[in-house]
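# An overview of the molecular structure
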Amino acid sequence: MGDLETISSGTPLEMPKVINFLSSLLEKVAEANDNNRDLQQQKISVFHGLTRPTISVQSYLERIFKYANCSPSCFVVAYVYLDRFAQRQPCLPINSFNVHRLLITSVMVAAKFMDDMYYNNAYYAKVGGISITEMNFLEVDFLFGLSFHLNVTPNTFHTYCSYLHREMLVETIPLSLSDSTLSLGKSLKLHCCFNEDETSHQHQLAV
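So, here's what we can say about the structure. Fair warning: this is a prediction, and the values are worked out from it, not measured in the lab. All residue numbers refer to position in the chain's written sequence, counted from 1. Confidence filtering applies because this is a predicted model: local features only for residues at pLDDT of at least 70, side-chain atom pairs given and counted only at 80 or more, and all residues used for totals across whole chains, interfaces and linings. Computation of side-chain values covers all heavy atoms of the structure but excludes hydrogens and water.

Secondary structure follows DSSP: runs of H or I at least 4 residues long count as helices, runs of E at least 2 residues long count as strands, and numbering of each begins at the N terminus. In terms of helices and strands, the chain carries eight helices and zero strands. Note on contacts: a residue pair qualifies if any of its non-hydrogen atoms lie within 4.5 Å across the two residues. Within the chain, residue pairs in contact and separated by at least 24 positions form 79% of the contacts whose partners lie at least 6 positions apart. Surface exposure here means Shrake-Rupley accessible area, sampled with a 1.4 Å probe, where a residue is shielded only by the protein chains that are shown. Counting only carbon and sulfur atoms, one obtains 56% of the accessible surface of the chain, whose full area is about 10,300 Å².

To continue, consider the pattern of salt bridges. Salt bridge criterion: a side-chain nitrogen from Lys or Arg within 4 Å of a carboxyl oxygen from Asp or Glu. The full count for this structure, using the stated rule, is three salt bridges. A salt bridge links Glu134 to Arg101, with the nearest nitrogen and oxygen atoms 2.6 Å apart. With Glu134 in helix α7 (residues 132-145) and Arg101 in helix α5 (residues 99-114), the pair connects residues that are 33 residues apart, well separated along the chain.

With that settled, the discussion passes to the nonpolar core. We call a set of buried Ala, Val, Leu, Ile, Met, Phe, Trp, Tyr and Cys residues a nonpolar core when their side-chain atoms join them within 4.5 Å. Remark: exposure states derive from per-residue accessible area (1.4 Å probe, protein chains only) relative to the maximum for the residue type, with buried under 20%, exposed over 50%, and partly exposed in between. In terms of nonpolar packing, the biggest core is built from 52 residues, with Phe75, Tyr81, Tyr124 and Phe142 touching the most fellow members. Taken together, the elements giving at least two residues each to this core come down to α2 (17-35), α3 (57-68), α4 (72-88), α5, α6 (121-128), α7 and α8 (154-170). Residue contributions to this core peak at 10 residues, all from α4. Other than its neighbours up to four places away in sequence, Phe142 contacts Phe47, Tyr81, Leu82, Phe85, Leu102, Thr105, Ser106 and Val109.

Only rings of Phe, Tyr and Trp enter the pairing, Trp through its six-membered ring, and a pair is recorded when the two centres are within 6.5 Å. The plane angle decides the type: under 30 degrees is stacked, over 60 is edge-to-face, the rest tilted. Enumeration over the complete set of coordinates arrives at eight aromatic pairs. Relative to Tyr160, the ring of Tyr79 lies with its centre 5.4 Å away and its plane at 85°, an arrangement referred to as edge-to-face. Within this pair, whereas Tyr79 is found in helix α4, its partner Tyr160 is found in helix α8, the two being separated by 81 residues in sequence. Judged by centre distance (3.9 Å) and plane angle (25°), the ring pair of Tyr119 and Tyr123 falls under stacked. Joined through ring pairs, the aromatic side chains of Phe47, Phe85 and Phe142 make up one cluster.

Examined against the element boundaries, Asn121 turns out to sit in helix α6. A relative accessible area of 10% places Asn121 in the buried class. Nitrogen and oxygen atoms within 3.5 Å of one another constitute a polar contact, given that in protein one can donate a hydrogen and the other can accept it, and given that sequence-neighbouring residues count only through two side-chain atoms. Among the polar contacts made by the side chain of Asn121, one reaches the side chain of Lys112 at a distance of 2.6 Å. Within the structure, Asn121 has its side chain in polar contact with the side chain of Glu139 (distance 2.7 Å). Every residue in contact with Asn121, bar those within four places of it in the chain, is listed here: Met108, Lys112, Ile132, Met135, Asn136 and Glu139.

Between N-to-C directions, angles span 0 to 180 degrees; the directions come from axes that are lines fitted to C-alpha atoms, helices contributing only their stretch in contact. It is the contact of α3 with α5, at a shortest axis distance of 11 Å, that shows an interaxial angle of 25°. Judged by the inter-axis angle, α3 sits roughly parallel to α5. Here α3 and α5 pass one another in a crossing that is right-handed. Here Val57, Tyr60, Leu61 and Ile64 of α3 lie close against α5, whose contacting residues are Val99, His100, Leu103, Ile104 and Val107. Taken together, the residues of the contact of α3 with α5 break down into eight nonpolar, one polar and no charged. An angle below 35 degrees is read as roughly parallel, one above 145 as roughly antiparallel, one from 65 to 115 as roughly perpendicular, and any other as oblique. Put simply, a crossing is left-handed when the front helix is turned counterclockwise from the back one by less than a right angle, and right-handed when it is turned clockwise. Amino acids are sorted into nonpolar (Ala, Val, Leu, Ile, Met, Phe, Trp, Tyr, Cys and Pro), charged (Asp, Glu, Lys and Arg) and polar (every other residue, Gly among them).

Attention shifts here to the environment of Ala78. With respect to the element layout, Ala78 can be found in helix α4. The spatial distance from the C-alpha of Ala78 to the C-alpha of Thr105 is 8.6 Å, given a sequence separation of 27 residues. Excluding residues within four positions of it along the chain, Ala78 makes contact with Ser106, Val107 and Ala110.

In short, the description is geometric, and any link to function would need to be established separately.
In structure tokens:
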């Protein structure tokens, strides 16, 4: 629980640190995939916008946190889902055209799975700045993209919390891509892709 307490700390008037960590990770991934779209096959999906949203990932996550009233744990679970989605859909890497829709969808699905009380799709659509029809389509596509693998074990949850906590420490030390142990240069689907083995609880960086 120590890692979760660290990344979720903050006063009611202050965003939990998990928002900063997660937005920083996703911005790096989106930028890397934007720069490498000529080197990797990327399909257009329902998550892609016609143009890049003007709102930053950081501001978008802060908006979701402010209005969705879901627990900080939901954002960690949303990160787990995004990582699973990236592994299962290698032709749909996270980039600046789809990261916002993937975020609002993953947080909504995580809230439904994690929290006892949550808002309906129409409310999340308003928070995300999209129509209810689109929100419904995104949810269905996301669930099928995950193969409905929504369960997150305590060990998996702790692993992702620990990773986000390490990211906080790494961000204070500038590293080149070649020196980074996080393998961003090798894994451009998400900043960190874990191969989950629920029996042995072993997690490795995907390359």
